[in-house]
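# A structural walkthrough
So the chains spell out like this:
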Amino acid sequence: MNTDNFTFLCRSRSLFGKNALEHLPFELSGMGARKVFVLRDNASESSDSIRHLRPAFADSGMTLGLCPPPDQNSGTGTDILKDCYRTFTGKGYDSIIALGTGPITDLAKALNLAVSLGPEVFKRGIQPQDQAKSLLPFAYLPTRGGSGRESSCRACCNAQIFELPALAPDIVLTDERLMAADTKENIICSAFSALSVCCETFVFADNPMAKAYASAGISLLMEHLFPLLETENEWNARPAAVGNKYRRNLACIAHASAISGFLLANSTSIISFHLGNFIAENADTSGLTAGSAAAIFLPRVLEQFAGNTPALAQLLLPLGGQDAFSAVPPVQQAAAAIHILQNILNRFYQISFGAVPRSLGDAGIDKSAVARLQEKIQQEDIWTETGISGAGRDKIAAVLLRS
Amino acid sequence: MEGFIEIRPRRRFFLRLYLHIMLRVLGRAIQAAARVDEDVKKEFNAMPENYTFSLGAFPAGPCMIIGKDTQGIVRYMGSDMEKQPVHLKITLKSVRHFFSLLTFTESTPVSNARNRMIVSGDVPYACAAVRIMDIVQVYLLPRWMAKMAIKRYPRWTFKRHTVDRAKVLIRTLLGF
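Here the residue numbering is sequential within each chain, running from 1 through the sequence in written order. All chains are assigned letters beginning with A, and all ligands numbers beginning with 1, in the order in which they are written. Note on the predicted model: pLDDT of at least 70 is required for a residue's local features to be given, and 80 or more for side-chain atom pairs to be given and counted; whole-chain, interface and lining totals, by contrast, use all residues. As a rule here, side-chain values cover all heavy atoms of the structure and leave hydrogens and water aside.

Salt bridge criterion: a side-chain nitrogen from Lys or Arg within 4 Å of a carboxyl oxygen from Asp or Glu. Applying the stated criterion to the full structure yields 24 salt bridges over all chains. Between Arg13(A) and Glu27(A) there is a salt bridge, with its nearest N and O atoms 3.3 Å apart. Of this pair, Arg13(A) sits in strand 1 (residues 13-16) while Glu27(A) sits in helix 1 (residues 24-29), and the two are 14 residues apart along the sequence. Given a relative accessible area of 44%, Arg13(A) falls into the partly exposed group. Notably, a salt bridge pairs Glu6(B) with Lys35(A), separated by 3.6 Å at the nearest N-O pair. With Glu6(B) in strand 1 (residues 5-7) and Lys35(A) in strand 2 (residues 35-40), the pair connects residues from two separate chains. Relative accessible area decides the class of each residue, using a 1.4 Å probe on protein chains only: under 20% of the type maximum gives buried, over 50% gives exposed, and in between gives partly exposed. Under the relative-accessibility criterion, Glu6(B) is labelled partly exposed at 39%. Connected via shared salt-bridge partners are Glu22(A), Asp175(A), Arg177(A) and Arg96(B). Secondary structure elements are taken from DSSP: a helix is a run of H or I of four residues or more, a strand is a run of E of two residues or more, and numbering for both begins at the N terminus.

What follows is the structure, given as structure tokens:
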């Protein structure tokens, strides 16, 4: 472990647990907020989260502005953003809450950029002088697992990508009362994305703080993912009735996903995560989500890039727990860690009756398709972003073939 | 924007009324216990003269102020923070958390562990104030309820459980 030189920035305050929602007015008012603009998605409607949000702000002296969830008839993303911008500035709001995951957090981040740096930021892009500017207080309240990008410092708006440290939420609040029933595919996608980011960071990052975050994320996933999905008998049944146990486990997955966002904000070279997203976007198969693809690549990426290093051996500790770690001899720990990761995939393949793929072949991607994807990957510039050189690209080719 | 709603979350009258009543009783009981109980006396003796502390909820929730004057007499000083300078503020982050604390669904240590409290002032005196409140809660509440409010029910002498408790309760009712 190199502890001589490292940087880790996590701008978000994480609030988690029972009645955590009631802390929100205090935390926001500490940032000078008085009027809060709430953006919410359809999942927040189904979880009835506003019913919990309103009493949490009672006696706080703060005003809440509730936007309706955007639907198909709301027009394009630009129209919604313009509408939100007009309302926000017209009524004098001073802080933002994103209640939901995915596109709603991108909308909240874009709105924060527009109201803090001016709407012209979408034309001129983010300039070097903007790096030092602070944005308005922004809280992210997940209602589902999420993709991990919600808590990162990246926003995607109308195919434009904005990256700014201040874009990361100031508060990430996970309260189990806000959790909505989700499909098993979405839960697995969230969990696998987070697992890929956390495992890769744990193994490759020469950064003790990133390792600590990654270890916490892996432990949360290993403890709560199987109880969340194995309690249901029928894989194809509709989303489970939202009981307290379900909400608790889902909140832990959402928290792990938020941790993966903090790690994404500090590292660009998460190979399996980027590879998973690339394959999910470019492969001619509908059943493969970015998270599942990332999880397929994860054991192979670790094998190819980490080999039998001590860092990979240490991954067994958060993955398998203290008992497993102490039971396996040090020379076998790296192989045992890979084995656990592969077993997770195999187990989900079994309980999902084949819906969650174990390999690219299970997802309907044959060898010729892999060769085509391989060519496409070599042409793409995602590897410039991840900082992978020529030798690394050869290893990626091997990862694809072995997956 | 269609469907946009602006709401100003209301104040919860009955919840605040309950907290006002509880704080008044607790304040008077602390004043009474400071005259009867040796442990409470010791805690107040360690505090400087004219020292005041408050327990309340953020941002403008009900609160109580307890102070020690120059003669070392402990008094319940009401709830007006503007009239009375306060040296130590113990604040719960929301009225709901304060309600949980004073309905004994969450004990003081649990509330502290869940990061519900903030202290502005001297931490040693804040710990003393919490110890005083724990003792007073044992005097005021029946055993089963006091067990929920504090971390560990104390082993007191028979006199303390009966005679001292009666004295504290009478003094609390009469307000001296």
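From this point, the narrative continues.
This part takes up the sheet that holds strand 4 (residues 74-76) of chain B. Residue and element names in this part refer to chain B. Strands pair, by our definition, only if DSSP identifies at least two bridges between them. Taking strand neighbours across the sheet as the criterion, the 5 strands line up as 4-3-2-5-6 in an open arrangement whose pairing is mixed. Single-partner strands in this sheet number two, and they are strand 4 and strand 6 (117-120). Adjacent strand axes in the sheet meet at a mean angle of 15 degrees, parallel and antiparallel pairs treated alike. Pairing of strand 2 (residues 52-57) with strand 3 (residues 63-68), which is carried by 5 bridges, proceeds in the antiparallel orientation. Its bridge partner being in strand 3, Ser54 is matched across the sheet by Ile65. By definition, residues are in contact when any of their heavy atoms lie within 4.5 Å. Geometry is summarised by axes, namely lines fitted to C-alpha atoms with helices restricted to the contacting stretch, and by angles between N-to-C directions that run from 0 to 180 degrees. Across the face of the sheet, helix 1 (residues 13-36) comes into contact with strand 2, strand 3 and strand 4 while running at roughly 165 degrees to strand 4. Packing against the sheet, helix 3 (residues 95-102) makes contact with strand 2, strand 5 (88-92) and strand 6, and its axis sits at approximately 110 degrees to strand 2.

All right, on to the packing of aromatic side chains then. Residues and elements named next belong to chain A. Here a pair means two rings of Phe, Tyr or Trp (six-membered ring of Trp) with centres within 6.5 Å. Their orientation is stacked below 30 degrees between planes, edge-to-face above 60, and tilted elsewhere. The full count for this structure, using the stated rule, is 17 aromatic pairs over all chains. On the basis of an interplanar angle of 70 degrees and a centroid distance of 5.3 Å, the ring pair of Phe37 and Phe88 is categorised as edge-to-face. Of the two residues, Phe37 is situated in strand 2 and Phe88 in helix 4 (residues 77-90); the sequence distance between them amounts to 51 residues. Given a relative accessible area of 0%, Phe37 falls into the buried group. Measuring from ring centre to ring centre gives 5.6 Å for Phe192 and Phe348, while their planes differ by 75 degrees; the resulting arrangement is edge-to-face. Here Phe192 is found in helix 7 (residues 184-204), whereas its partner Phe348 is found in helix 14 (residues 330-351), with 156 residues between them in sequence.

Once that is clear, we can look at the packing of helix 7 of chain A against helix 8 (residues 208-230) of chain A. Residues and elements named next belong to chain A. Packing of helix 7 against helix 8 brings their axes to within 8 Å, and their N-to-C directions diverge by 150 degrees. In terms of orientation, helix 7 and helix 8 fall into the roughly antiparallel class. Along this stretch, helix 7 crosses helix 8, giving a crossing that reads as left-handed. Touching Lys184, Ile187, Ile188, Ala191, Phe192, Ala194, Leu195, Cys198, Cys199, Thr201, Phe202 and Val203 of helix 7 are Ala210, Lys211, Ala214, Ser215, Gly217, Ile218, Leu221, Leu225, Leu228 and Leu229, all from helix 8. Just so you know the grouping, Ala, Val, Leu, Ile, Met, Phe, Trp, Tyr, Cys and Pro go in nonpolar, Asp, Glu, Lys and Arg go in charged, and all remaining residues, Gly too, go in polar. For the contact of helix 7 with helix 8, the per-class residue count stands at 17 nonpolar, 3 polar and 2 charged. For classification purposes, an angle smaller than 35 degrees is called roughly parallel, one larger than 145 roughly antiparallel, one from 65 to 115 roughly perpendicular, and anything else oblique. Two helices that cross are described as forming a left-handed crossing if the nearer one is turned anticlockwise from the farther one by less than a right angle, and a right-handed crossing if clockwise.

Further remarks concern a nonpolar patch on the surface. Here a patch means residues that are over 30% exposed by relative accessible area and free of salt bridges, tied together within 9 Å if like-charged and within 5 Å if nonpolar (Val, Leu, Ile, Met, Phe, Trp, Tyr). In this description, accessible areas are obtained by the Shrake-Rupley approach with a 1.4 Å probe, and a residue is regarded as covered only by the protein chains that are shown. A grouping of Phe13(B), Phe14(B), Leu17(B), Ile21(B) and Val25(B) is seen on the molecular surface, where their side chains present a nonpolar patch of about 520 Å² in accessible area. Its place among the elements puts Leu17(B) in helix 1.

Before going further, it helps to examine the domain arrangement of chain A. A common way to report how large an interface is uses the accessible area buried once the components associate. All names here are of chain A. Boundaries between domains were set according to an automatic or database domain assignment. Under the domain assignment, chain A is made up of domain 1 (13-178) and domain 2 (184-402). A separation of 28 Å is found between the C-alpha centroids of domain 1 and domain 2. Counting residues at the interface gives 18 residues for domain 1, matched by 21 residues for domain 2. When the two sides are added together, the surface that domain 1 and domain 2 hide from each other amounts to roughly 1600 Å², 56% of it contributed by carbon and sulfur. When the area that domain 1 buries against domain 2 is broken down by residue, the three leading residues are Phe16, Gly145 and Glu176, summing to 32%. Counting every contact that joins domain 1 to domain 2 gives 1 salt bridge. Polar contact is the term for a pair of N or O atoms within 3.5 Å; when the atoms are in protein, one must be able to donate a hydrogen and the other to accept it, and sequence-neighboring residues count only if both atoms are side-chain atoms. At the surface where domain 1 touches domain 2, the tally comes to 6 residue pairs in polar contact (both at pLDDT 80 or more). Among the secondary structure elements, those contributing two or more residues to the side of domain 1 that touches domain 2 are strand 1 and strand 8 (171-174). Tallied by class, residues from the side of domain 1 that touches domain 2 come to 5 nonpolar, 8 polar and 5 charged. Using a 1.4 Å probe, buried area is obtained as the accessible area two parts lose upon being combined, added over both of them.

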